[in-house]
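As a plain string of letters, each chain reads:
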Amino acid sequence: MFVQEEKIFAGKVLRLHVCASDGAEWLEEATEDTSVEKLKERCLKHCAHGSLEDPKSVTHHKLIHAASERVLSDTKTLLEENVQDEDVLLLIKKRAPAPLPKMADVSAEEKKKQEQKAPDRDAIFRATANLPSYDMDRAVVQTNVRDFQTELRKILVSLIEVAQKLLALNPDAVELFKKANAMLDEDEDGRVDEAALRQLTEMGFPESRAVKALRLNHMSVPQAMEWLIEHAEDPTIDTPLPGPALQGEAGAEAAPAAAAGTSAEGEGDRDELTEIFKKIRRKREFRADARAVVSLMEMGFDEKEVIDALRVSNNQQSAACEWLLGDRRPSPEELDKGIDPDSPLFQAILDNPVVQLGLTNPKTLLAFEDMLESPLNSTQWMNDPETGPVMLQISRIFQTLNRT
């Protein structure tokens, strides 16, 4: 009996369930060594009832293994594709690629894009050439719509002078000074910015060292961090700051005030007390951010220019850079100039009863000094029960007059 050689060496016969996209289902038998392409041809013949109308239709279809959801490669066998007995295969027609656009369509699309494109500078000038021109000074517009934070500094400078004179006229001027000086010492030695302290402790610095660094560097996190790194090996780094010594200095400064208070000449008392208040203000000297200074100097600016820029911009590096590259307004000299005493704004502020009462409070004076040197602390003083109402009235008066 003659047996075909291919039957002898044929692999295992697999019974496969084939499903077509039109819903037809049938059972197809194939050996493991049958290629996916051969199996696909047999499946297409089954769909075409024995003949292929288009020989290329084989390349237009694909077999998908339903269980693994993968496309079977035409060049591999069923064994290589790990097709098992009773598996389900899907016969799907491949999606035809999108036809290439015609030249006319491309031109129309480009024309549409050009129509939707925004006009350039030259096109705007051509379209507006016949319109009347208005010479509007932008500087005037910016001055009319003033920024509260910019004007606030001038207001504070003038109000500080008024507060100093009012406190000097008080019969208890010396006692008020002692109270103010005590507040200043408490403010500098007892209060620590919790957010800044949390940043340093999260970096791994001990809390006691972080507090000391912040107090020595006016609550500046970058400068405090540099101080901690530089003094990490310093044996006295954990030594607490001399609080009593500061109080001794306060008492030493208060002594001339007491002597002035006992003087027979009231004008001399006021002058002496004014000088003492100026000493209080000098305690809050501006200290430029060291990193910002280095960064800006690396850009080619002179050190004095950089420090002036940081002073004007309240140690904000980006704003300082804009100041250096711009018209450099306001100038550092203008920072110590107050508002025009005859201006409607200043007169309205002085006529407000809440402001008048607040100016007799030493805490208000210290709040003004603090905001003058550290504008970022204005939010804290706005929330203070004693100074908050004064700041609120100043803000309301400014906004009202600014709109008119």
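Above this note sits the structure.
Residues numbered from 1 in each chain as written. Predicted model: local features only at pLDDT ≥ 70, side-chain atom pairs only at ≥ 80, totals over all residues. Heavy atoms only, no water.

Visitor: Just checking my understanding: could you explain the nonpolar core for this structure?
Guide: Side chains of nonpolar character tend, in soluble globular proteins, to be buried together. Among the nonpolar cores identified, the biggest contains 26 residues, and Ile155, Leu159, Leu345, Ile349, Phe368, Met371 and Ile394 are the most heavily contacted of them. Those elements that place two or more of their residues in this core are α6 (148-169), α16 (344-350), α18 (362-373) and α20 (388-403). Ranked by residue count, the leading element in this core is α6, at 9 residues. Ile349 has contacts with Ile155, Leu159, Val355, Ile394 and Ile397, leaving out every residue within four places of it along the chain. Among the nonpolar cores identified, the runner-up in size contains 17 residues, and Val18, Val58, Leu72 and Leu78 belong to it. (Core = buried A, V, L, I, M, F, W, Y, C linked by side-chain atoms within 4.5 Å. Buried < 20%, exposed > 50% of the residue type's maximum accessible area, 1.4 Å probe, protein only. Helix = DSSP H or I, 4+ residues; strand = E, 2+ residues; numbered from the N terminus. Contact = heavy atoms within 4.5 Å.)

Visitor: Could you clarify how one ought to interpret the packing of helix α14 (residues 303-312) against helix α15 (residues 317-325) in this entry?
Guide: When two helices pack together, their arrangement is captured by the angle between the axes and the distance separating the axes. Taken N-terminus to C-terminus, the directions of α14 and α15 make an angle of 120°; their axes are 8 Å apart at the nearest point. What the angle tells us is that α14 and α15 run oblique. Taken as a pair, α14 and α15 cross one another with a handedness that is right-handed. Residues Glu305, Val306, Asp308, Ala309, Leu310 and Val312 of α14 form the contact with α15, whose own contacting residues are Gln317, Ala320, Trp323 and Leu324. Grouping the amino acids of the contact of α14 with α15 by side-chain chemistry returns 7 nonpolar, 1 polar and 2 charged. (Axes fitted to C-alpha atoms, helices over the stretch in contact; angles between N-to-C directions. Parallel < 35°, antiparallel > 145°, perpendicular 65-115°, else oblique. Left-handed = near helix turned anticlockwise from the far one by under 90°. Nonpolar A, V, L, I, M, F, W, Y, C, P; charged D, E, K, R; others polar.)

Visitor: Is there a simple way to explain the sheet that holds strand β2 (residues 25-31) in this structure?
Guide: Within a sheet, each strand pairs with its neighbour through backbone hydrogen bonds, oriented either parallel or antiparallel. With respect to topology, 5 strands assemble into an open sheet ordered β2-β1-β5-β3-β4, the strand pairing being mixed. On the outer flanks of this sheet lie β2 and β4 (70-71), each paired with one strand and no other. Bridge count between strand β1 (residues 13-20) and strand β5 (residues 88-93): 4 bridges; the pairing is parallel. Note on β5: the bridge partner recorded for Cys19 is Leu90. Set on the sheet, helix α2 (residues 36-47) makes contact with β1, β2, β3 (61-65) and β5; between it and β2 the angle comes to about 145°. (Pairing = 2+ DSSP bridges.)

It is worth stressing that arrangement in space is one thing and function is another; only the former is reported here.
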